[in-house]
Amino acid sequence: MWRNPTTTRTHTPLCTPYTLPAGVVVLASTTQTIFPTAVFSPLCMSSSSTISSSSTTASTLKNPFYSSIIPIAYTIAGTTVLAWVLLLLLLITPQTRPYLQKLATLSVALSLTIALSECSQILKKQYDQAYEDAEELRAYIDGGLTLNIFRVISDVFLWLAQVQTLIRLFPRHREKQIIKWLGLALIVVDTVFWSLQSFLPTQVGDDRSFRDAIPALAYLFQIILSLLYSAYVVYYSISKRVYAYHIKNLILALLSLVAVLTPIIFFLLDISRQWIAGWGDFVRWV
């Protein structure tokens with residue numbers, strides 16, 4: 001459910017201290033009582049925001065580092081550079097590479113470039129207004145129409161490239177046919193759900209139970225596809241372990257295992273730490 005776009009947030013920076021009335025401040029992991037009053041000093045007045053009170057400290061009002069704008073910004077920038085480097089390696093390598101791999105890498109590189117551009121725009125806006133809001137940044141990037149269009153296209157190419165890779169791994173015709181048709185069916189279902197989640201307009205009186213189920217179903221099929229792909233690749237490597245894990249190929253084998261298992265790890269992290277979804281998507285993409 002945490003992948004649903006959030007409502008638009010507005011911020012009015014205040015550069016003078018103001019008084020918080022008596023009451024209880026509800027935080028993510030605790031509550032703080034203010035009595036009788038507390039004075040809040042905004043971030044633009046000093047290097048850090050402070051609340052002067054006998055029972056409230058500034059550290060309790062901060063979000064964890066992983067839920068700040070810094071991991072999102074650095075992850076988008078790093079994965080964008082990495083995607084273009086991978087595309088360059090595919091183009092200049094002397095060995096022939098499947099065309100779907102090249103199309104998938106190109107679409108991911110373009111999508112991440114768009115995400116980096118949108119990230120820079122919202123960060124500039126927040127900087128100009130003297131505040132930081134990771135939730136707004138994530139919602140702005142996830143809700144971008146251009147990025148969502150490219151994301152659906154790149155996801156299709158990625159899944160097709162993975163299906164093509166699996167077809168090349170197995171020699172029997174029957175296995176190739178099973179992988180091809182099962183993969184195509186899952187890709188179609190996954191694309192439908194992600195398209196509904198990204199482009200279905202919200203209308204007053206909509207059936208919320210149906211709309212709330214779409215992100216969960218889309219996420220479920222993402223997990224299924226990643227699990228199937230990683231399971232097939234690991235199974236193939238074990239069946240060819242004499243060659244796959246030979247000392248000359250060991251580094252490449254370990255890198256390959258990390259590459260196919262990383263999406264599964266981040267799926268699990270997303271469930272346990274919802275804020276990681278703000279930047280874990282970009283890692284999985286690459």
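A short tour of the structure in this document, coming up. What you are looking at is a predicted structure, and each value in this text was computed from that prediction instead of being measured. (Residues numbered from 1 in each chain as written. Predicted model: local features only at pLDDT ≥ 70, side-chain atom pairs only at ≥ 80, totals over all residues. Heavy atoms only, no water.)

Looking at the overall build of the protein chain
The cut-off we apply is this: Numbered from the N terminus, helices here are DSSP runs of H or I no shorter than four residues, and strands are runs of E no shorter than two. Partly exposed residues are those whose accessible area sits between 20% and 50% of the maximum for their type, while under 20% is buried and over 50% is exposed, using a 1.4 Å probe and protein chains only. Residue contacts are defined here by distance: any two heavy atoms, one from each residue, within 4.5 Å place the two residues in contact.
Secondary structure summary: the protein chain contains 9 helices and 5 strands in total. Ordered by position in the sequence, the α and β elements of the protein chain form the string β-β-β-β-β-α-α-α-α-α-α-α-α-α. Taking all 286 residues of the protein chain together, the buried fraction comes to 36%. Restricting to contacts in the protein chain with at least 6 residues of sequence separation, those with at least 24 account for 62%.

A look at helix H1 (residues 69-92)
Which entries qualify depends on this criterion: What a helix is expected to span follows from its residue count: subtract one and scale by 1.5 Å.
Here H1 is 24 residues long and its end C-alpha atoms lie 35 Å apart, about the 34 Å a rise of 1.5 Å per residue gives. Of the residues making up H1, those classed as buried are Ile69, Pro71, Ile72, Ala73, Thr75, Ile76, Thr79, Thr80, Ala83, Leu87 and Leu90.

Things to note about the side chain of Asp190
Quick note on the threshold: For this count, His and the chain ends are skipped, Lys and Arg are scored as positive, and Asp and Glu as negative. Each reported salt bridge corresponds to a side-chain nitrogen of Lys or Arg within 4 Å of a carboxyl oxygen of Asp or Glu.
Structurally, Asp190 is set in helix H5 (residues 173-199). One buried charge, Asp190, has no salt-bridge partner; the nearest side chain with opposite charge is Arg151, at 8.5 Å. Aside from chain neighbours lying at most four places away, what touches Asp190 is Trp159, Ala218, Phe221, Gln222 and Leu225.

Looking at H5
For H5, with 27 residues, the first-to-last C-alpha span of 38 Å sits near the 39 Å given by 1.5 Å per residue. Those residues of H5 not exposed but buried are Ile179, Gly183, Leu186, Ile187, Asp190, Thr191, Phe193, Trp194 and Gln197.

Topic: the packing of aromatic side chains
The line we're drawing: When two rings of Phe, Tyr or Trp (its six-membered ring) have centres within 6.5 Å they constitute a pair, described as stacked for plane angles under 30 degrees, edge-to-face for angles over 60, and tilted for the intermediate range. We call a charge positioned over a ring when the NZ of a Lys or the CZ of an Arg lies within 6 Å of the ring centre and within 35 degrees of the ring normal.
In the structure shown here, the tally under the stated rule is 4 aromatic pairs. Taken together, the ring pairs in this structure connect Phe170, Tyr232, Tyr235 and Tyr236 into an aromatic cluster. Directly above the aromatic system of Trp285 lies the positively charged group of Arg151, at a separation of 5.5 Å from the ring centroid.

Digging into the nonpolar core
For clarity, the threshold we go by: Buried Ala, Val, Leu, Ile, Met, Phe, Trp, Tyr and Cys residues that are joined via side-chain atoms within 4.5 Å together make up what is termed a nonpolar core.
Residues Ile72, Ile76, Leu137, Ile141, Phe282 and Trp285 are the most contacted members of the largest nonpolar core, which totals 24 residues. For this core, the secondary structure elements donating two or more residues are H1, helix H2 (99-128), helix H3 (134-142), helix H4 (145-169) and helix H9 (277-285). Trp159, Phe170, Ala218 and Val233 belong to the second-largest nonpolar core, a separate cluster that totals 16 residues.

As for the pattern of salt bridges
Should their charged atoms come close, side chains of opposite charge can pair. Enumeration over the complete set of coordinates arrives at 2 salt bridges. As a salt-bridge pair, Asp128 and Lys124 come within 3.0 Å of each other at their nearest N and O atoms. Highlighted residues: Asp128 and Lys124, both in helix H2, separated by 4 residues, approximately one helical turn. Like Lys124, Asp128 is exposed. A salt bridge links Glu136 to Lys125, with the shortest nitrogen-to-oxygen separation between them at 3.2 Å. Placement of the pair is Glu136 in helix H3 and Lys125 in helix H2, with a sequence separation of 11 residues.

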